[in-house]
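Each chain, written out:
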Amino acid sequence: MAITTVEIDENLLREAMELTNSDDARRFIEEHLQTLVKRRIAQRELMKLRGKIEWVGDLDEMRRG
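Only a predicted model underlies this, so the values are computations on that prediction, with no experimental measurement involved. Starting afresh in each chain, residues are numbered from 1 along the sequence in its written order. For a predicted model such as this one, the threshold for reporting local features is a pLDDT of at least 70, and the threshold for listing and counting side-chain atom pairs is 80 or more; totals across whole chains, interfaces and linings nevertheless cover every residue. As a convention, hydrogens and water are excluded, and side-chain values are obtained from all of the structure's heavy atoms.

Trainee: Describe in detail the pattern of salt bridges, supporting the description with residues and values.
Mentor: Between Lys or Arg on one side and Asp or Glu on the other, a salt bridge is scored when a side-chain nitrogen of the former is within 4 Å of a carboxyl oxygen of the latter. Here the structure, examined in full by the defined rule, presents five salt bridges. Where Asp23 meets Arg27, a salt bridge forms, and the shortest distance between an N and an O atom there is 3.1 Å. Residue classification places Arg27 among the partly exposed positions, given a relative accessible area of 44%. A salt bridge links Arg26 to Glu30; the shortest N-O distance between them is 3.1 Å. Of the two residues, Arg26 and Glu30 are both situated in helix H2 (residues 25–48); the distance of four residues between them amounts to about one turn of the helix. Only protein chains enter the accessibility calculation, which uses a 1.4 Å probe; a residue whose area is less than 20% of its type maximum is buried, one above 50% is exposed, and one in between is partly exposed. The helix count covers DSSP runs of H or I at least four residues long, the strand count covers runs of E at least two residues long, and both are numbered beginning at the N terminus.

Below you can see the structure in the form of structure tokens.
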């Protein structure tokens, strides 16, 4: 594993860590990078389905509830 040094706004990092009850900056950053990667991969996979799934239903009726 390579070590990368980056400058991060300390106030932003502190606030984000407080909001998530994190106490380890490295673990916090790695976990959130993993979440970002997984989310982007899922978005990409969903976009591959665009135009391939047939919609069945009445959206206006569903909105009325």
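We are not done yet, so read on.
Trainee: Kindly report on helix H1 (residues 10–19), identifying the contributing residues and their values.
Mentor: Pairing of N or O atoms within 3.5 Å defines a polar contact, subject to two protein rules: one partner must be a possible hydrogen donor and the other a possible acceptor, and residues neighboring in sequence count only if both atoms are side-chain atoms. The backbone nitrogen of Asn11 lies 2.8 Å from a side-chain oxygen of the residue at the head of H1, namely Asp9. In the stretch just after H1, Asn21 is the one whose phi turns positive, near 55 degrees.

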